[in-house]
Amino acid sequence: MSARVPEGYDPRAFEPFAVTVDLAVFTVRGGRLHVLLVERGEEPYQGQWALPGGFVLPRESAGTAARRELAEETGLTEDAVSAFHLEQLRTYSDPDRDPRMRVVSVAYAALVPDLPEPRGGGDAASARWWETADAGPLAFDHDRILADAHERIGARLEYSCLATAFCPPEFTLGELQQVYETVWGVELDRPNFRRKVLTTPGFVQAVEGAPRRTGGRGKPAALYRAGAATALHPPLLRPEGRTT
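Residues numbered from 1 in each chain as written. Predicted model: local features only at pLDDT ≥ 70, side-chain atom pairs only at ≥ 80, totals over all residues. Heavy atoms only, no water.

Quick notes on the overall build of the protein chain
Line of reasoning, step 1. When its secondary structure is counted, the protein chain shows five helices and nine strands.
Line of reasoning, step 2. Of the regular secondary structure in the protein chain, the N- to C-terminal order runs β-β-β-β-α-α-β-β-β-α-α-α-β-β.
Line of reasoning, step 3. In terms of its C-alpha atoms, the protein chain occupies a principal-axis envelope of roughly 70 × 40 × 35 Å.
Line of reasoning, step 4. Per-residue burial for the protein chain yields a buried fraction of 42% across its 244 residues. (Helix = DSSP H or I, 4+ residues; strand = E, 2+ residues; numbered from the N terminus. Buried < 20%, exposed > 50% of the residue type's maximum accessible area, 1.4 Å probe, protein only.)

Focus on the pattern of salt bridges
Line of reasoning, step 1. Applying the stated criterion to the full structure yields 13 salt bridges.
Line of reasoning, step 2. When the shortest N-O distance is used, the salt bridge between Glu 69 and Arg 68 registers 3.3 Å. Arg 68 carries the same exposure label as Glu 69, and that label is buried.
Line of reasoning, step 3. A salt bridge links Glu 170 to Arg 225, with the nearest nitrogen and oxygen atoms 3.6 Å apart. Taken together, the positions of Glu 170 in the loop between α3 (142-159) and α4 (173-184) and Arg 225 in strand β9 (residues 224-226) put the pair 55 residues apart, joining distant regions of the chain.
Line of reasoning, step 4. With a relative accessible area of 34%, Glu 170 lands in the partly exposed category.
Line of reasoning, step 5. The exposure class of Arg 225 is partly exposed, given its relative accessible area of 32%.
Line of reasoning, step 6. One salt-bridge network, in which partners are shared between bridges, spans Glu 60, Arg 68, Glu 69 and Glu 72. (Salt bridge = Lys/Arg side-chain N within 4 Å of Asp/Glu carboxyl O.)

Let's talk about the nonpolar core
Line of reasoning, step 1. With 41 residues, the main nonpolar core has Phe 26, Phe 166, Leu 176, Tyr 180 and Phe 203 as its most contacted residues.
Line of reasoning, step 2. Of all elements in the fold, only β1 (18-29), β2 (32-40), β5 (85-92), β6 (103-111), α3, α4 and α5 (190-199) reach the threshold of two or more residues within this core.
Line of reasoning, step 3. In terms of residue count, the dominant contributor to this core is α4 (six residues).
Line of reasoning, step 4. In terms of nonpolar packing, the next biggest core, distinct from the first, is built from 18 residues, Val 25, Leu 70, Val 81 and Leu 86 among them. (Core = buried A, V, L, I, M, F, W, Y, C linked by side-chain atoms within 4.5 Å.)

As for the packing of α3 against α4
Line of reasoning, step 1. The N-to-C vectors of α3 and α4 enclose an angle of 140°; their axes lie 10 Å apart at closest approach. Considered as vectors, α3 and α4 are oriented oblique to each other. Read as a crossing pair, α3 and α4 show a hand that is left-handed. Where α3 approaches α4, its residues His 150, Ile 153, Gly 154, Leu 157 and Glu 158 are matched on the opposing element by Tyr 180, Val 183 and Trp 184.
Line of reasoning, step 2. Residue classes in the contact of α3 with α4 are distributed as five nonpolar, two polar and one charged. (Axes fitted to C-alpha atoms, helices over the stretch in contact; angles between N-to-C directions. Parallel < 35°, antiparallel > 145°, perpendicular 65-115°, else oblique. Left-handed = near helix turned anticlockwise from the far one by under 90°. Contact = heavy atoms within 4.5 Å. Nonpolar A, V, L, I, M, F, W, Y, C, P; charged D, E, K, R; others polar.)

Focus: a nonpolar patch on the surface
Line of reasoning, step 1. Where nonpolar side chains cluster on the molecular surface, the patch consists of Val 5, Tyr 9 and Phe 14 and spans about 340 Å² of accessible area.
Line of reasoning, step 2. Of note, Phe 14 is situated in the segment before β1.
Line of reasoning, step 3. Phe 14 sits in the exposed class, given a relative accessible area of 52%. (Patch = residues over 30% accessible without salt bridge, like charges linked within 9 Å, V, L, I, M, F, W, Y side chains within 5 Å. Areas by Shrake-Rupley, 256 points an atom, 1.4 Å probe, with all protein chains shown as cover.)

Right, here's the structure in full:
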């Protein structure tokens, strides 16, 4: 049941504005952090690259709009997209951020396993995965949103089990370590990383059965899946001064 409009209230007394969602969608491909970008098919910024997103429809929430846009750009069903990690980043409301009209954007960060090549949806001419380090300059204020999202996920890896969201359902500790190194841009000590992961309650769970060989001359690597924990105690802090 909708709320009754108070007597004497005139919504026309306020200047209208639009609400959009923008998505910083990250994945790890070939040992590099990638972000999903779309080429704008119409003005403003026609032909320029931007984060995927769109207007929030009159009868949907920002969260629903974000998952709808993510499904459209990845070509996956909304049920499949619902399993991905998607978190609200912040709201961007500078008055002149969009030349069309006053537009307030609710930005989200999404972490997904490696996916097939995306497809452009809505007003996008095309879509593709870009190495995050090579992305930009982007349309609107999307460079700022992308930088904020990258910093957010880097910080979240220290205190949560979020890194497993980048991995397939079953993964090796080497693959998990690569996620940290890729997002943080640092080189981690393998034995120390392995010890921290395996001694953190609920971080990962061993998969029973035959181990998977990762290639080369090394012995087969054990498989793990995400554990039940959501927070890391103690945190897994990024090292200082060991950039890749």
